[in-house]
Amino acid sequence: MIEIKDLHKSYAMGQNALHVLKGINFTVQEGEMVAIMGSSGSGKSTLLNILGMLDVADSGSYTLDNNPIKNLDETKAAIYRNKFLGFVFQSFNLISYKTALENVILPLYYQKVGRKERQERAQKYLEHVGLGPWASHHPNELSGGQKQRVAIARALVSEPKVILADEPTGALDTNTSYELMELLQAINDQGITLLIVTHEEDIARMCKRIVHLRDGVIVEDKKVRQVKAKRDVE
Amino acid sequence: MWSRDRWREMFLTLRKNKLRTALSGFTVAMGIFIFVLLFGFGNGLKNAFEEFFLDDSTNTIWLYPGQTEKPFRGFKAKRRIIFKNNDLTDIEQNFPFFIDYITPRISRGALVKHGKESNNYTVRAVAPGHQYAEKTIVTKGRYINESDVNDKTKYATIGRLVERDLFGTKTALGNHIDIGGISFKVIGVFKDEGGDNEERLIYIPYTTRQRIEKSNDRIDQIILAFRPELGYAGAMSLEKKLNTFMRKKHNIAPNDRRGIFVRNVAADLKQSQQFASVLQIIVTFVGLGTLLAGIIGISNIMVFVVKERTKELGIRKAIGATPKAVVGMILHESIFITALSGYVGLLTGVGVLALIGDSLEEFFIINPYIGTNTAVGATMILILFGAIAGYIPARRAAKIKPIIALRDE
């Protein structure tokens with residue numbers, strides 16, 4: 001599903017270049033649920049942004065679902081993002097003046113899906129994340145956990161192959177975090193590949209594989225026995 | 001491109017961001033409104049100006065007798081110059097190819113009575129040519145004619161308001177009025193675009209006036225019209241020749257400034273036309289200035305709007321909006337707002353101008369208006385610049401990587 005080879009990325013910090021990713025080699029199979037761990041500054045968010053085509057690598061190759069991701073202009077990147085990927089951010093990134101339903105509809109709007117179908121599908125996914133009755137609420141009327149669920153519904157609605165989550169539980173308390181992970185696990189069980197950036201050990205344990213990053217290189221990559229969130233909460 | 005979905009999305013965005021929408025709309029509407037108003041006032045000023053000068057014929061030269069201030073050819077100074085009937089015939093004979101018509105004017109105030117109604121009016125004793133010099137419009141009956149002058153008839157052509165004052169709603173035509181104790185028959189009623197004062201006049205044959213005043217042959221002033229084909233230069237040279245001719249005939253020193261006065265409407269007109277074009281230039285500058293202020297206003301708002309939406313645009317891009325979609329959305333919104341509010345501003349401005357109408361006549365603003373082309377053109381320019389002002393920041397926003405836009409708080 002995802003294959004990256006010898007990925008490098010550096011940022012210009014005034015006079016000096018900050019070398020963030022120093023040659024990452026990394027493959028993800030379909031249906032995996034991978035946690036990317038590391039302390040802050042280890043390059044985990046940068047890696048996720050490059051995978052999400054929100055940022056561009058300096059060198060190295062990246063193949064997504066057998067499509068080489070190379071020399072993308074913004075238009076192509078937008079189309080790929082829309083087709084293959086769903087995003088979940090730490091700060092939710094919902095559009096504040098749109099209702100939950102309208103936020104979920106938006107990716108379909110850019111896919112030029114018909115209006116009726118858009119609404120039905122968006123409503124379906126809102127119900128899927130347990131927010132059916134909250135469809136007409138604005139983000140500021142929802143709790144953090146609910147906002148993140150809306151964001152997940154928005155990521156799911158375009159029926160992507162991969163969902164990229166950047167610290168999805170970073171702004172949530174433990175209970176809410178576990179509820180959210182339960183939802184993500186359920187989604188993964190349906191066959192959607194998940195990449196989750198986190199620095200919390202317990203969240204990482206709920207994935208099927210943990211990749212450790214330190215100073216721009218992968219120091220550890222191991223499969224783990226998945227802890228089911230539901231059992232853990234009880 | 002202009003699908004229903006895009007309109008729906010745009011209306012949603014505009015509705016949910018009422019303050020922003022209202023602010024940018026207000027800027028544009030205000031800009032156009034002020035532009036229309038100022039431009040209209042400028043035109044009103046020009047109208048007032050033209051009304052002052054264009055009510056009378058513009059191809060006339062007016063001669064007024066004065067009092068000499070210098071002795072000349074044995075005549076003492078301070079001699080009063082008097083024009084007589086032979087001045088008319090002399091001018092006619094000496095300048096036959098230049099003159100269209102010539103008329104004397106003798107003005108006297110008189111108490112005019114009809115039945116129980118009476119009032120004071122100015123009575124002008126004239127020849128038929130006077131009708132053209134003053135652009136008098138006869139609405140009923142006729143003006144004084146040649147045979148009236150020859151026969152010294154007691155006929156009068158009266159102004160519309162004289163008729164209203166003395167006869168009310170009845171017609172004056174064929175009735176007799178008493179002018180300073182002498183009965184005159186009303187043979188015509190006229191109107192004049194020069195305003196109410198010009199419609200409270202009475203015209204009688206100048207010969208009749210001379211007979212009333214002990215059968216003298218004096219005339220107050222001479223109005224003559226030159227042939228229009230003479231042009232400005234011809235009129236100026238005719239004025240000079242006339243002046244010399246009259247000074248010679250009446251023994252007035254060539255450099256005597258008070259013996260005779262000659263007013264050439266052609267020269268006045270040229271001056272006033274120059275003044276009018278200066279006015280026009282000022283009006284245009286004021287208009288352009290207002291428009292520029294409007295453009296700067298809308299540009300500012302658009303830059304601010306895009307800046308404010310950077311994060312939203314980042315989110316949209318992250319979930320699949322292409323740069324084209326982002327730019328299109330912003331352009332669509334900005335053009336829609338400027339077009340709509342520009343139209344509102346335009347209508348309001350034109351409405352206010354219509355409402356003002358002639359109520360500012362005291363301030364020399366008559367019938368302020370704005371040409372459709374000017375108004376629509378100005379609105380178009382504002383829409384165009386609104387679009388450009390939206391496009392530049394929108395393109396920049398569409399170009400930044402979503403990750404940077406998302407970081408924007």
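Conventions adopted
Residues numbered from 1 in each chain as written. Chains lettered and ligands numbered in written order. Predicted model: local features only at pLDDT ≥ 70, side-chain atom pairs only at ≥ 80, totals over all residues. Heavy atoms only, no water. Helix = DSSP H or I, 4+ residues; strand = E, 2+ residues; numbered from the N terminus. Buried < 20%, exposed > 50% of the residue type's maximum accessible area, 1.4 Å probe, protein only. Contact = heavy atoms within 4.5 Å. Areas by Shrake-Rupley, 256 points an atom, 1.4 Å probe, with all protein chains shown as cover. Patch = residues over 30% accessible without salt bridge, like charges linked within 9 Å, V, L, I, M, F, W, Y side chains within 5 Å. Salt bridge = Lys/Arg side-chain N within 4 Å of Asp/Glu carboxyl O. Lys, Arg positive; Asp, Glu negative; His and termini not counted. Charge placed at Lys NZ, Arg CZ, Asp CG, Glu CD. Phe/Tyr/Trp six-rings, centres within 6.5 Å; stacked < 30°, edge-to-face > 60°. Lys NZ or Arg CZ within 6 Å of the ring centre and 35° of its normal. Core = buried A, V, L, I, M, F, W, Y, C linked by side-chain atoms within 4.5 Å. Polar contact = N/O pair within 3.5 Å; in protein donor to acceptor, adjacent residues only side chain to side chain. Nonpolar A, V, L, I, M, F, W, Y, C, P; charged D, E, K, R; others polar. pLDDT = per-residue confidence, 0-100. Pairing = 2+ DSSP bridges. Axes fitted to C-alpha atoms, helices over the stretch in contact; angles between N-to-C directions. Parallel < 35°, antiparallel > 145°, perpendicular 65-115°, else oblique. Left-handed = near helix turned anticlockwise from the far one by under 90°.

**Re the overall build of chain B**
Here is step 1 of the chain: The number of helices and strands found in chain B is 13 helices and twelve strands.
Here is step 2 of the chain: In chain B, buried positions account for 49% of the 409 residues.
Here is step 3 of the chain: Long-range pairs, those at least 24 residues apart, make up 78% of the contacts in chain B between residues at least 6 apart in sequence.
Here is step 4 of the chain: Summed over all atoms, the accessible surface of chain B reaches about 20,500 Å², with 59% contributed by carbon and sulfur.

**What to know about a positive patch on the surface**
Here is step 1 of the chain: Side chains of R115 and K116 of chain A together with R4 and R8 of chain B sit close together on the surface and give a patch of like positive charge.
Here is step 2 of the chain: When residues of the positive patch are traced back to their parent elements, those giving at least two are α4 (115-128) of chain A together with α1 (4-16) of chain B.
Here is step 3 of the chain: Following the sequence through the fold, K116 of chain A ends up in helix α4.

**Focus: the pattern of salt bridges**
Here is step 1 of the chain: Counting across every chain of the model gives 26 salt bridges over all chains.
Here is step 2 of the chain: Between R209 of chain A and E32 of chain A there is a salt bridge, and its shortest N-O distance comes to 3.1 Å. Here R209 of chain A, found in strand β9 (residues 209-214), pairs with E32 of chain A, found in the loop between β2 (16-28) and β3 (33-37); they are 177 residues apart in sequence, far enough to count as distant. One exposure class covers both R209 of chain A and E32 of chain A, and it is buried.
Here is step 3 of the chain: One salt bridge connects R257 of chain B with E69 of chain B, and the closest N-O pair in it is separated by 3.7 Å. On the criterion of sequence distance, the pair formed by R257 of chain B in the loop between α8 (231-249) and β12 (260-264) and E69 of chain B in the loop between β1 (60-65) and β2 (83-84) is long-range, its members being 188 residues apart.
Here is step 4 of the chain: Exposure remark for R257 of chain B: the relative accessible area of 65% places this residue in the exposed category.
Here is step 5 of the chain: Members of the salt-bridge network, linked through shared partners, are E32, R209, D221 and K223 of chain A.

**Looking at the environment of F89 of chain A**
Here is step 1 of the chain: Relative to the elements of secondary structure, F89 of chain A occurs in the loop between β6 (85-88) and α3 (100-110).
Here is step 2 of the chain: The spacing of F89 of chain A and V197 of chain A is 108 residues in sequence and 9.9 Å in space, taken between C-alpha atoms.
Here is step 3 of the chain: Contact partners of F89 of chain A, with chain neighbours within four places excluded, come to L54, Q148, R154 and D166 of chain A together with A318 and L406 of chain B.

**A short note on the packing of aromatic side chains**
In this description, an aromatic ring pair is defined by two values, namely the gap between the centres and the angle between the planes.
Here is step 1 of the chain: What the rule picks out here adds up to twelve aromatic pairs over all chains.
Here is step 2 of the chain: For the pair F87 of chain A and F89 of chain A, a centre-to-centre distance of 5.7 Å together with 5° between the ring planes defines the contact as stacked.
Here is step 3 of the chain: Looking at F89 of chain A, the relative accessible area reads 9%, which means it is buried.
Here is step 4 of the chain: Ring geometry for F95 of chain B and F245 of chain B: centres 5.6 Å apart, planes at 85°, overall edge-to-face. With F95 of chain B in the loop between α3 (85-94) and β3 (99-114) and F245 of chain B in helix α8, this residue pair connects regions lying 150 residues apart in the sequence. Considered together, F95 of chain B and F245 of chain B belong to a single accessibility category, that of buried residues.
Here is step 5 of the chain: Among the aromatic side chains, those forming a connected cluster through ring pairs are W7, F11 and F336 of chain B.
Here is step 6 of the chain: For the cation-ring pair, R79 of chain B lies above F75 of chain B, with the distance from its terminal atom to the ring centre recorded as 4.4 Å.
Here is step 7 of the chain: The positively charged end of R263 of chain B is found above the aromatic ring belonging to W62 of chain B, 5.2 Å away from the centroid.

**Here's the deal with the nonpolar core**
Here is step 1 of the chain: The biggest cluster of nonpolar side chains holds 70 residues, and the ones touching the most others in it are I2, F26, L47, L51, L64 and L195 of chain A.
Here is step 2 of the chain: Beyond its immediate chain neighbours, meaning those up to four positions away, L51 of chain A contacts I2, I4, F26, Y62, L85, L164 and L195 of chain A.
Here is step 3 of the chain: Counting 50 residues, the second-largest nonpolar core is a separate cluster that includes I102, V112, I158 and F226 of chain B.

**Let's talk about the interface of chain B and chain A**
Here is step 1 of the chain: With 29 residues of chain B in contact, the opposing surface of chain A contributes 29 residues.
Here is step 2 of the chain: The interface formed by chain B and chain A contains zero salt bridges.
Here is step 3 of the chain: Counting the contacts that link chain B with chain A gives six residue pairs in polar contact (both at pLDDT 80 or more).
Here is step 4 of the chain: Mapped onto the side of chain B that touches chain A, the elements with two or more residues apiece are α1, α10 (310-318), α11 (323-356), α12 (372-399) and α13 (402-407) of chain B.
Here is step 5 of the chain: With eight residues, the single largest contributor to the side of chain B that touches chain A is α1 of chain B.
Here is step 6 of the chain: Here the side of chain B that touches chain A is built from residues that sort into twelve nonpolar, four polar and 13 charged.

**So, the confidence of the model for chain B**
All names here are of chain B.
Here is step 1 of the chain: In the predicted model, chain B carries a mean pLDDT of 82, and the fraction of residues at 70 or more is 96%.
Here is step 2 of the chain: Confidence scores differ between elements of chain B, with α13 showing the lowest mean pLDDT of 73 and strand β9 (residues 201-205) the highest of 89.
Here is step 3 of the chain: Note on the complex model: pTM 0.65, ipTM 0.87.

**Here's the deal with the pairing of β2 of chain A**
Successive residues of a regular strand alternate their side chains across the two faces of the sheet.
Residue and element names in this part refer to chain A.
Here is step 1 of the chain: Examined bridge by bridge, strand β1 (residues 2-13) and β2 share ten bridges and lie antiparallel to one another. Residue pairing across strands places S10 opposite H19, the latter belonging to β2.
Here is step 2 of the chain: The antiparallel pairing of β1 with β2 creates a hairpin that spans two residues between the two strands, and G14 there sits at a positive phi of about 65°.

**Remarks on the packing of α1 of chain B against α11 of chain B**
Residues and elements named next belong to chain B.
Here is step 1 of the chain: Between α1 and α11, the least distance of the axes is 10 Å, while the angle of their chain directions is 70°. One way to sum up the angle between α1 and α11 is to call them roughly perpendicular. Relative to α11, α1 is oriented so that their crossing is right-handed. Contacts between α1 and α11 involve R6, W7, M10, F11, T13 and L14 from the former and G328, M329, H332, E333, F336 and I337 from the latter.

**As for the sheet that holds β9 of chain A**
Residue and element names in this part refer to chain A.
Here is step 1 of the chain: Pairing within the open sheet is mixed, and its six strands lie in the order β6-β7-β8-β3-β9-β10. Looking along the sheet, the strands with just one partner apiece sit at the ends: β6 and β10 (217-223). Averaged over all neighbouring strand pairs, the angle between strand axes comes to 15°, with direction disregarded.
Here is step 2 of the chain: Helix α5 (residues 144-157) rests against β6 and β7 (162-166) of the sheet, and its axis sits at about 170° to β6.

**A few points about the environment of G349 of chain B**
Residue and element names in this part refer to chain B.
Here is step 1 of the chain: Looking at the element boundaries, G349 is found in helix α11.
Here is step 2 of the chain: Distance in space between the C-alpha atoms of G349 and L37 is 5.7 Å, their sequence separation being 312 residues.
Here is step 3 of the chain: Filtering out sequence-adjacent residues up to four positions away, G349 remains in contact with F33, V36 and L37.

**Brief notes about the side chain of K98 of chain A**
Here is step 1 of the chain: Among the secondary structure elements, K98 of chain A is positioned in the loop between β6 and α3.
Here is step 2 of the chain: In this view, K98 of chain A contacts N103, L106, H138 and P139 of chain A together with E9, L12, K16 and R316 of chain B; residues no more than four positions away in its chain are not counted.

**Topic: a nonpolar patch on the surface**
All names here are of chain B.
Here is step 1 of the chain: A contiguous nonpolar patch, built from F26, M30, I34, L38, V278, I282 and V286 and spanning about 570 Å² of accessible area, is present on the exposed surface.
Here is step 2 of the chain: At the level of secondary structure, the elements contributing two or more residues to the nonpolar patch comprise α2 (18-54) and α9 (265-308).
Here is step 3 of the chain: Relative to the helices and strands, F26 is located in helix α2.

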